[in-house]
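# Residue-level structure breakdown
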Amino acid sequence: MGAACEKIAVEVAPYGEGRMEFEALIDYLSSGDAKRLHPSDLERALEGRGRELLRVLLQDHIDLRGRGVAAEAVIDARGARRTKTRPHQRTLTTVFGDVSVERYGYGAPGQASVHPLDAQMNLPVEQYSLEVRRRVAEETAKQSFEEVGQSIEARTGVRIGKRQLEALAVRAARDFDAFYGARQSPSAPPPGSVLVISADGKGVVMRKEDLRPGTARAAHRQRHKYARRLAKGEKRNRKRMATVASVYAVAADPRAPEDILRPLAPVGQAERRPRPRAQDKRVWASLEKEPAEVLAEAFAEAQRRDPRHQRPWMAVVDGNEHQLDLLERLRAVYGVEMDIVLDFIHVCEYVWKAAHALCREGSAELEQWVSTRLERILRGQAVGVAAGMRRSATTHRGHLSAAGRKPVDVCADYLRKYRAYLDYPRYLARGYPIASGVIEGACRHLVKDRMDLTGARWSLSGAEAVLKLRALRASADFHEYWRFHEAREQDRNHRSQYQDNRVPEIIRPDLPARRSAHLRCVT
């Protein structure tokens, strides 16, 4: 005669199910099945079973917190007293798996219920726990959403769709501006340090609906000449420019022109002089904001670090006219004496192009021509160098054509146009950096390495969130930010629901035995 099973309710001591799960795990490890496994297979099996043990322990803990019975009157943000209570249940997806949260909701006619237990535990409004969201945010800052999903599932067993991952990243980054706005000044800078502001731009391939209006109109008007390939000058995709900014401190390092030219020699032919490293470096980028907003944020960050303007301020730029105009304007607004330095590496590129027009490729003359003119520019003779190379182009033995001498004229125009920002003798004497390596690295690391993935077409909200999360990691601020974000989530999702933002106290239950349903087989 077969056995029949029926459900019975039994008393389970606090953490009883966790203890039973632990004993079952010990029994498994002691079994012949476990002993026959290769150690690596056993590790994987133990990881899965261990995760389930932790999930059961977390469930036990949540159950023992009770249902959140308020110890005082529940008054909502409108001043209305909430008197109707009903038990509600929700699922919370944690890094160990799904757990169930049973709690009381305090309702009023026509109003959504408030849950004091949710406020006490700072539960998110969505299904995924804040710890799951934190891990998603960290992984999103490092790799594609597809890889993020694979990594999260491998480490936690939680499967999250690509769209959900993007939505979680957007929520995770929402307090970026508030965090830096409320942040205290960093530690005192080293004596003799310089405060540096730098900015640049980097394009990101966007979905058509998220392009800036002018770029979108150009994309709409574009007609390709060929059906199967691009013609010269045509673009397959359109980009939206991200403005990248950096603020950092660096120890002043007075140098001579020879110290600058020596590292530019081929590797192995010159001894490189160690340079001071950037300190308290903050880098960030934005696709949503205009360059003026981002640069204003950079000045605000610098002002926070040096409110009395006790240190030298400087900016390193690449010659972008709009950026220069903004820097000049903001310098006046903040009333700070700030030197604006044209990036010497950009100057080098223009000089090399001019040299290739005047000297034979691969000749000793070519390298000597460049070295001589760069040294003169570093000694403050940029205008003279510009005039001299024009004369050389005019008297060139090969009688350069208009097209042939164009690189020379472009370089000469560049040197004359930006001569106000080429006072390298003073910059070097004051120990300023004269190259934009920090911002160039930020453009590559923040934007290109993550956003320039083959086939990627970004939404504006998703791209902006990823840039913010990457900036937090690059600036070593992620963990501090996350504590701030969790506190803001509690204020936003819970405290704001109650009068004076005060969550009512909850009756702390003792640790009674919990009734749990089990199967009993009878014959």
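One can find the structure itself at the top, above this paragraph.
Reference entry: report on the structure contained in this document. (Residues numbered from 1 in each chain as written. Predicted model: local features only at pLDDT ≥ 70, side-chain atom pairs only at ≥ 80, totals over all residues. Heavy atoms only, no water.)

As a further point, take the overall build of the protein chain. Within the protein chain, the secondary structure is distributed over 20 helices and 12 strands. Relative to its 523 residues, the protein chain shows a buried fraction of 43%. If you take every contact in the protein chain between residues at least 6 apart in sequence, the share linking residues at least 24 apart comes to 77%. Summing over all exposed atoms, the protein chain offers an accessible surface of approximately 28,300 Å²; the carbon and sulfur share of this is 50%. (Helix = DSSP H or I, 4+ residues; strand = E, 2+ residues; numbered from the N terminus. Buried < 20%, exposed > 50% of the residue type's maximum accessible area, 1.4 Å probe, protein only. Contact = heavy atoms within 4.5 Å. Areas by Shrake-Rupley, 256 points an atom, 1.4 Å probe, with all protein chains shown as cover.)

One non-glycine residue, Tyr-15, adopts positive backbone phi at about 60°. By secondary structure assignment, the location of Tyr-15 is in the loop between β1 (4-12) and α1 (16-30). Phi is positive for Asp-500, close to 60°, though the residue is something other than glycine. Here Asp-500 lies in the loop between α20 (478-493) and β12 (514-522).

So, about the packing of helix α18 (residues 437-451) against helix α19 (residues 460-474). Relative orientation of the contacting elements α18 and α19 amounts to 130°, with a least axis distance of 10 Å. Between α18 and α19, the angle is such that the two are oblique. For the pair α18 and α19, the crossing hand works out as right-handed. Across the interface between the two elements, His-445, Leu-446, Val-447, Asp-449, Arg-450 and Met-451 from α18 touch Ala-463, Val-466, Leu-467, Arg-470, Ala-471 and Ala-474 from α19. (Axes fitted to C-alpha atoms, helices over the stretch in contact; angles between N-to-C directions. Parallel < 35°, antiparallel > 145°, perpendicular 65-115°, else oblique. Left-handed = near helix turned anticlockwise from the far one by under 90°.)

Glancing now at the packing of aromatic side chains. This structure, assessed with the given rule, holds 14 aromatic pairs. Centre to centre, the rings of Phe-179 and Tyr-481 are 5.5 Å apart; their planes meet at 85°, and the pair counts as edge-to-face. Taken together, the positions of Phe-179 in helix α8 (residues 176-182) and Tyr-481 in helix α20 put the pair 302 residues apart, joining distant regions of the chain. The class for Phe-179 is buried, based on a relative accessible area of 3%. Centroid distance Tyr-481 to Trp-482: 6.5 Å. Interplanar angle 65°. Geometry classified as edge-to-face. A relative accessible area of 0% means that Tyr-481 is categorised as buried. Taken together, Phe-176, Phe-179, Tyr-180, Phe-478, Tyr-481, Trp-482 and Phe-484 form an aromatic cluster joined through their ring pairs. The ring of Tyr-28 carries Arg-49 above its face, with NZ or CZ at 3.9 Å from the centroid. (Phe/Tyr/Trp six-rings, centres within 6.5 Å; stacked < 30°, edge-to-face > 60°. Lys NZ or Arg CZ within 6 Å of the ring centre and 35° of its normal.)

With that out of the way, let us pick up a nonpolar patch on the surface. A cluster of nonpolar side chains, namely Phe-22, Ile-26, Leu-29 and Leu-46, defines an oily patch on the protein surface of about 290 Å² accessible area. With three residues, the top contributor of residues to the nonpolar patch is α1. For Leu-29, a relative accessible area of 33% puts it in the partly exposed group. (Patch = residues over 30% accessible without salt bridge, like charges linked within 9 Å, V, L, I, M, F, W, Y side chains within 5 Å. Salt bridge = Lys/Arg side-chain N within 4 Å of Asp/Glu carboxyl O.)

The strand order across the open sheet formed by three strands is β4-β5-β6, and the pairing between neighbours is antiparallel. Looking at the sheet topology across the chains shown, the edges are occupied by β4 (84-94) and β6 (111-114). Adjacent strand axes in the sheet meet at a mean angle of 40°, parallel and antiparallel pairs treated alike. Pairing between β4 and strand β5 (residues 97-108): 11 bridges, direction antiparallel. (Pairing = 2+ DSSP bridges.)

Attention now moves to the nonpolar core. Among the nonpolar cores identified, the biggest contains 110 residues, and Val-347 and Tyr-424 are the most heavily contacted of them. Excluding residues that lie within four positions of it along the chain, Val-347 makes contacts with Leu-342, Ile-377, Tyr-414, Leu-415, Leu-422 and Tyr-424. Counting eight residues, the second largest nonpolar core, distinct from the first, contains Ile-62, Val-101, Met-121 and Leu-123. (Core = buried A, V, L, I, M, F, W, Y, C linked by side-chain atoms within 4.5 Å.)

On to helix α5 (residues 130-140), then. Since the α-helix packs 3.6 residues into each turn, any two residues three or four apart lie on the same face. Summarising burial for α5: nine of the 11 residues are buried, a large majority. Those residues of α5 that sit buried are Leu-130, Val-132, Arg-133, Arg-134, Val-136, Ala-137, Glu-138, Glu-139 and Thr-140. On the buried face of α5, the contacting elements are β4, α6 (145-156), α7 (162-172), α18, α19 and α20.

Okay, the sheet that holds strand β8 (residues 239-251) next. With mixed pairing, the five strands of this open sheet are ordered in space as β9-β8-β7-β10-β11. Sheet topology places β9 (279-286) and β11 (338-342) at the edges, where each strand pairs with a single neighbour. Going across the sheet, the axis of each strand differs from the next one's by a mean of 20°, ignoring polarity. Of the strand pairs in this sheet, strand β10 (residues 313-317) and β11 are connected by five bridges, and their pairing is parallel. In the strand pairing of β11, Met-314 is matched with Asp-339. Each of β7 (193-205), β8, β9, β10 and β11 touches helix α11 (residues 291-305); the most contacted strand, β8, lies at about 15° to it.

With respect to burial, β10 is a largely interior element, five of its five residues being buried. Where burial is concerned, the two faces of β10 agree: the one with Trp-313, Ala-315 and Val-317 and the one with Met-314 and Val-316 are both buried. Relative to β10, β7 runs parallel, the two sharing four bridges. From the neighbouring strand, Ser-198 faces β10, where its bridge partner is Val-316. In this region the chain leaves β10, passes through helix α12 (residues 321-334) and returns to the parallel neighbour β11; the handedness of that crossover is right-handed. (Right-handed = clockwise from strand over helix to strand, strands pointing away.)

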